[in-house]
Amino acid sequence: GPNVSAFVSAPQPPTPPASLSPERGGKVDPPQLIERKAPVYPAVAQQAHVSGSVELSFHIGVDGRVNHINVVKGNPWLTGAAVEAVQLWHYKPAYFNGIPVESESRAVIVFNPN
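Keep in mind it's a predicted model, so treat the numbers as computed, not measured.

Caption draft 1: Representation of the overall build of the protein. When helices and strands are counted, the protein shows two helices and nine strands. Put simply, the protein has 114 residues, and 32% of those count as buried. Looking at the protein alone, contacts between residues at least 24 apart form 78% of all its contacts between residues at least 6 apart. Accessible surface computed for the protein: about 6500 Å², of which carbon and sulfur atoms make up 54%.

Caption draft 2: Region of interest: the sheet that holds strand 7 (residues 94-96). Spatial strand order, 2-7-8: three strands in an open sheet with antiparallel pairing. Edge positions in the sheet fall to strand 2 (28-29) and strand 8 (99-101), since each has one partner strand and no second. Here strand 2 runs beside strand 7; their pairing, made up of two bridges, is antiparallel. When the bridges of strand 7 are listed, Val28 appears paired with Phe96.

Caption draft 3: Structural context of the pairing of strand 9 (residues 103-112). Only one face of strand 9 is covered, namely the face carrying Ser103, Ser105, Ala107, Ile109 and Phe111; the face carrying Glu104, Arg106, Val108, Val110 and Asn112 is uncovered. Sheet topology places strand 4 (residues 52-60) next to strand 9; nine bridges connect them, and they run antiparallel. Within strand 9, the residue paired with Ile60 across the bridge is Ser103.

Caption draft 4: Up close: the nonpolar core. One finds Leu56, Phe58, Leu78, Val86, Trp89, Ile109 and Phe111 to be the most contacted residues of the largest nonpolar core, which totals 19 residues. Those residues in contact with Phe58 that sit more than four places away from it in its chain are Val66, Asn67, His68, Ile69, Val86, Tyr91, Ser103, Glu104, Ser105, Arg106 and Ala107.

Caption draft 5: Structural detail: helix 2 (residues 76-87). Taking 1.5 Å per residue, 12 residues should reach 16 Å; helix 2 reaches 17 Å between its end C-alpha atoms and fits that length. Among the residues of helix 2, Leu78, Thr79, Ala81, Ala82, Val83, Ala85 and Val86 are the ones counted as buried. Where helix 2 begins, the side chain of Asn75 points an oxygen toward the backbone nitrogen of Trp77, at a separation of 2.7 Å.

Caption draft 6: Up close: the environment of Ile34. Counting through the fold element by element, Ile34 comes out in strand 3 (residues 32-35). For the pair Ile34 and Lys92, spaced 58 residues apart in the sequence, the C-alpha separation amounts to 6.4 Å. In this structure, Ile34 is in contact with His90, Tyr91 and Lys92, ignoring residues within four places of it in sequence.

Caption draft 7: Just the pattern of salt bridges, in detail. According to the stated counting rule, one finds four salt bridges in the structure shown. Glu35 is the salt-bridge partner of Lys37, the closest N and O atoms lying 2.5 Å from each other. Owing to a relative accessible area of 35%, Glu35 belongs among the partly exposed residues under this scheme. Ionic pairing is found between Glu55 and Lys73, a salt bridge with its closest N-O pair at 3.2 Å. Note that Glu55 is positioned in strand 4 and Lys73 in strand 5 (residues 66-73), a separation of 18 residues in sequence. Using a relative accessible area of 15% as the deciding quantity, one classes Glu55 as buried. Residue classification places Lys73 among the exposed residues on the basis of a relative accessible area of 53%. Salt bridges linked by common partners bring Glu55, Lys73 and Arg106 together as one network.

Cut-off values and rules
Along each chain, numbering runs from 1 in the same order as the chain's sequence is written. At least 70 in pLDDT is required for a residue's local features to be given in this predicted model, at least 80 for side-chain atom pairs to be given and counted, and no such filter applies to totals for whole chains, interfaces and linings, which use all residues. Side-chain numbers come from the whole structure's heavy atoms, not from hydrogens or water. Only DSSP runs of H or I covering at least 4 residues are called helices, and only runs of E covering at least 2 are called strands; the numbering of each starts at the N terminus. Exposure is judged per residue with a 1.4 Å probe applied to protein chains only, and the accessible area is read against the type maximum: over 50% gives exposed, under 20% gives buried, and values in between give partly exposed. Working rule for contacts: check all heavy atoms of both residues, and any pair within 4.5 Å makes them a contact. Per-residue and other accessible areas follow the Shrake-Rupley method at a 1.4 Å probe size, with only the shown protein chains counted as cover for residues. Two strands pair if DSSP finds at least two bridges between them. Think of a nonpolar core as a cluster: buried Ala, Val, Leu, Ile, Met, Phe, Trp, Tyr and Cys residues, connected wherever their side-chain atoms sit within 4.5 Å. Under the convention used throughout, the expected extent of a helix is 1.5 Å for every residue step, that is, one less than its residue count. By the criterion applied in these results, polar contacts are pairs of N or O atoms within 3.5 Å in which, for protein atoms, one can donate a hydrogen and the other can accept it, and in which residues neighboring in sequence qualify only through two side-chain atoms. Just to be clear on terms, a salt bridge is a Lys or Arg side-chain nitrogen sitting within 4 Å of an Asp or Glu carboxyl oxygen.

Now the structure itself:
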């Protein structure tokens, strides 16, 4: 069957809210991906032999849920499936000095019809 793989680039370290960081520095623990859903390869894209990668940027909330997903680049036939999958991913949130904070990350999802 078609093969869909997801590459997750290293998340950018969280930018702590100004209220949290009067001093520069502090301990940052990056978010960790706990649960990853594989995208569903759209049937129309399979039939048309459309393949390629979709790059997404998104926020990881303090609850570890993904929100504010933006398509950086990708085939329009594939972006919807990529976004739907990433919406269901679940992270352990980033922590700044032991406090969960929002962070940003990116993922590249590769759709390969072979």
